[in-house]
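Letter by letter, the chains look like this.
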Amino acid sequence: EKGGYDHFMLKEIYEQPQVIRDTFRGRLLSDQGLIKMAGIEDNLNKFINAKRIIIAACGTSWHAGLVAEYMIEEFARIPVEVEYASEFRYRNPIINADDVVIAISQSGETADTLAAIKLAKEKGAFVFGVCNVVGSSISRETHAGAYTHAGPEIGVASTKAFTTQITVLALIALRLAKAKGTMSQSDYLRNLIELELIPEKVQEALLENDKILEIAKIYKDAPNCLFLGRGFNFPVALEGALKLKEISYIHAEGYPAAEMKHGPIALIDENMPVIVIAPQQNHYDKVVSNIQEIKARSGKIIALVSKGDEQVKNLADHIIEMPNSTEALTSIIATIPLQLLSYHVAVLRGTNVDQPRNLAKSVTVE
Ligand code: F6R
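Residues numbered from 1 in each chain as written. Predicted model: local features only at pLDDT ≥ 70, side-chain atom pairs only at ≥ 80, totals over all residues. Heavy atoms only, no water.

S.K.: Where do I start with the sheet that holds strand 10 (residues 273-278) in this structure?
M.R.: What holds strands together in a sheet is hydrogen bonding between their backbones, with the strands either parallel or antiparallel. Pairing is parallel in the open sheet, where five strands are placed in the order 9-8-10-11-12. Where the open sheet ends on each side, the last strands, each with one partner, are strand 9 (251-256) and strand 12 (318-322). Direction aside, the axes of adjacent strands within the sheet are offset by 20° on average. Where strand 11 (residues 300-306) and strand 12 come together, five bridges link them in parallel fashion. In the strand pairing of strand 12, Ile302 is matched with His318. The sheet strands contacting helix 11 (residues 209-219) are strand 10, strand 11 and strand 12, and the helix crosses strand 12 at an angle near 150°. Sheet strands in contact with helix 12 (residues 233-248) are strand 8 (224-229), strand 9 and strand 10, and its direction is about 175° off that of strand 9. (Pairing = 2+ DSSP bridges. Helix = DSSP H or I, 4+ residues; strand = E, 2+ residues; numbered from the N terminus. Axes fitted to C-alpha atoms, helices over the stretch in contact; angles between N-to-C directions. Contact = heavy atoms within 4.5 Å.)

This is the structure:
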């Protein structure tokens, strides 16, 4: 049942090239420059006329929501707010009939997310679901939706659900950009073509596995760990930290790299591993200066870099290479090494990787 892998989590990490492809199959028609998703087409006017999109989710799905916020705002220029479903439902939020609410949930059973949907519906908003489990409560409670095609996710720590959520949300953001005319045709087409290449690039990122295992051996006993990223990779840093804490029980925090100097930098000494997501893209120079700041305080730097990077290689203690994509879609690729790192650290520490203590796969009570 684990298909030759030691754990479901590892199997599910390695399934990502396939399930990402399954998720865009039939929806992404890059040769025609089209995206076709019934749930979006049938409700296109609601999205186009939305004054605002509110995304409600929990945990890893909330991180996918943050990536979506950056994509929808940049591509389609619609204001987006991302809310923890548990906060949203209890704070008497302002919801109008011309708001669109997107609920993201792997299981489709998370109690707080379900309650947020019910509240949004009561206030007259249009509610769209991004779920993995077909026929789940959230998929039934929403007005329309688009499934991720990740297949059953057994490991409690979410992996393939997250990258397929980003895939669906990228399709939505690009479709809305096309409808609103907010993106140049060349940027739009480039993202379509790059999305189609993501499965093979994820496959390539997986090839760093042995190297990541060696890094895991060095840092497996660290009591703390920081994850830093900017832009689309800021939510990936949060997700990397969540993965590490939930399966290895190492205290970890994710931050936007520039926030480091507003507090967390005080934690940095020679015992602090800092994982920095540093692809050669928009924020590259800024991330390089963040890396220099960590180095000046003797922090241990594990950097995720674009293939062939030389500058960061000379500064970091360890580098993990990954293929480049568009700024937005690199978030999917950068997730992979972080999943593998947490996995190996957890296995080396002897924890129950697939069923970490105190956690349940779907949180059906608030
Ligand atoms: C993290 C994890 C949880 C879930 C969260 C939401 O690895 O699994 O944080 O992401 O409980 O679950 P869903 O997506 O099923 O609503």
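S.K.: Please clarify how the nonpolar core should be interpreted in this entry.
M.R.: When a protein is soluble and globular, its nonpolar side chains tend to lie buried together. Counting residues in hydrophobic clusters, the biggest one holds 90 residues, and the most contacted among them are Ile53, Met71, Ile102 and Phe128. A total of eleven residues in this core trace back to one element, the largest contributor, which is helix 9 (residues 160-180). Core analysis: the next-biggest nonpolar cluster, separate from the first, contains 22 residues, Ala257, Val274, Ala316 and Ile319 among them. (Core = buried A, V, L, I, M, F, W, Y, C linked by side-chain atoms within 4.5 Å. Buried < 20%, exposed > 50% of the residue type's maximum accessible area, 1.4 Å probe, protein only.)

S.K.: It is not clear to me how unusual backbone geometry should be interpreted in this structure. Could you clarify?
M.R.: Excluding glycine, residues mostly carry a negative phi; peptide bonds, for their part, are mostly trans. Phi is positive for Asn92, close to 45°, though the residue is something other than glycine. For Asn92, the location among the structural elements is in the loop between helix 6 (85-88) and strand 5 (99-105). Looking at Asn92, the relative accessible area reads 63%, which means it is exposed. Backbone geometry at Asn358 places phi at a positive 65°, although glycine is not the residue there. Following the sequence through the fold, Asn358 ends up in the segment after helix 14 (330-349).

S.K.: Please explain the packing of helix 9 against helix 10 (residues 185-206) as it appears in this structure.
M.R.: When two helices pack together, their arrangement is given by the angle between the helix axes and by the axis-to-axis distance. As a packed pair, helix 9 and helix 10 sit with axes 11 Å apart at the nearest point and diverge in direction by 160°. Looking at the two axes, helix 9 sits roughly antiparallel to helix 10. In this structure, helix 9 meets helix 10 at a crossing whose hand is left-handed. Contact residues: helix 9 offers Thr167, Leu171, Leu174 and Lys178, while helix 10 offers Gln185, Tyr188, Asn191, Leu192 and Leu195. For the contact of helix 9 with helix 10, a count of residues per class yields five nonpolar, three polar and one charged. (Parallel < 35°, antiparallel > 145°, perpendicular 65-115°, else oblique. Left-handed = near helix turned anticlockwise from the far one by under 90°. Nonpolar A, V, L, I, M, F, W, Y, C, P; charged D, E, K, R; others polar.)

S.K.: Just checking my understanding: could you explain the packing of aromatic side chains for this structure?
M.R.: Each pair of aromatic rings is reported with the distance of its centres and the angle of its planes. If you walk through the whole model with that rule in mind, you get five aromatic pairs. Their ring planes at 80° and their centres at 5.4 Å tell us that Phe47 and Phe128 sit as a pair that is edge-to-face. With Phe47 in helix 4 (residues 44-48) and Phe128 in strand 6 (residues 126-131), this residue pair connects regions lying 81 residues apart in the sequence. Comparing Phe47 with Phe128, the two get one shared label, buried. Centroid distance Tyr70 to Phe232: 5.9 Å. Interplanar angle 65°. Geometry classified as edge-to-face. On the criterion of sequence distance, the pair formed by Tyr70 in helix 5 (residues 59-76) and Phe232 in the loop between strand 8 and helix 12 is long-range, its members being 162 residues apart. Classification of Phe232 by relative accessible area gives buried; the value is 5%. (Phe/Tyr/Trp six-rings, centres within 6.5 Å; stacked < 30°, edge-to-face > 60°.)

S.K.: What is the right way to look at the site of the ligand in this model?
M.R.: Close to the ligand lie 14 residues; Ser61, Ser105, Ser107, Thr110 and Glu246 are nearest. Within the backbone of Thr60, an N or O atom sits 3.0 Å from an oxygen atom of the ligand. Glu246 places a side-chain nitrogen or oxygen 2.5 Å from an oxygen atom of the ligand. Looking at the shell around the ligand, the elements that each hand over two or more residues are helix 5 and helix 12. (Near = heavy atom within 4 Å. Polar contact = N/O pair within 3.5 Å; in protein donor to acceptor, adjacent residues only side chain to side chain.)

S.K.: Even after reading the chapter, I still don't get the environment of Phe232, so can you show me in this structure?
M.R.: Between the C-alpha atom of Phe232 and that of Val274, which follows or precedes it by 42 residues, the distance is 18 Å. With residues near it in sequence (within four places) discarded, Phe232 still touches Val67, Tyr70, Met71, Glu74, Glu327, Ala328 and Ser331.

S.K.: How should I be thinking about the sheet that holds strand 7 (residues 144-147) in this particular structure?
M.R.: Spatially, the five strands line up as an open sheet ordered 4-3-5-6-7, and their pairing is parallel. Either end of the sheet is taken by a strand with one partner, and the two such strands are strand 4 (80-84) and strand 7. Across the sheet, the mean angle separating the axes of adjacent strands is 20° when strand polarity is ignored. Where strand 6 and strand 7 come together, four bridges link them in parallel fashion. Within the sheet, the bridge partner assigned to Phe128 lies in strand 7 and is Ala144. Running over the sheet, helix 7 (residues 111-122) touches strand 3 (52-57), strand 5 and strand 6 and is turned about 165° from strand 5.

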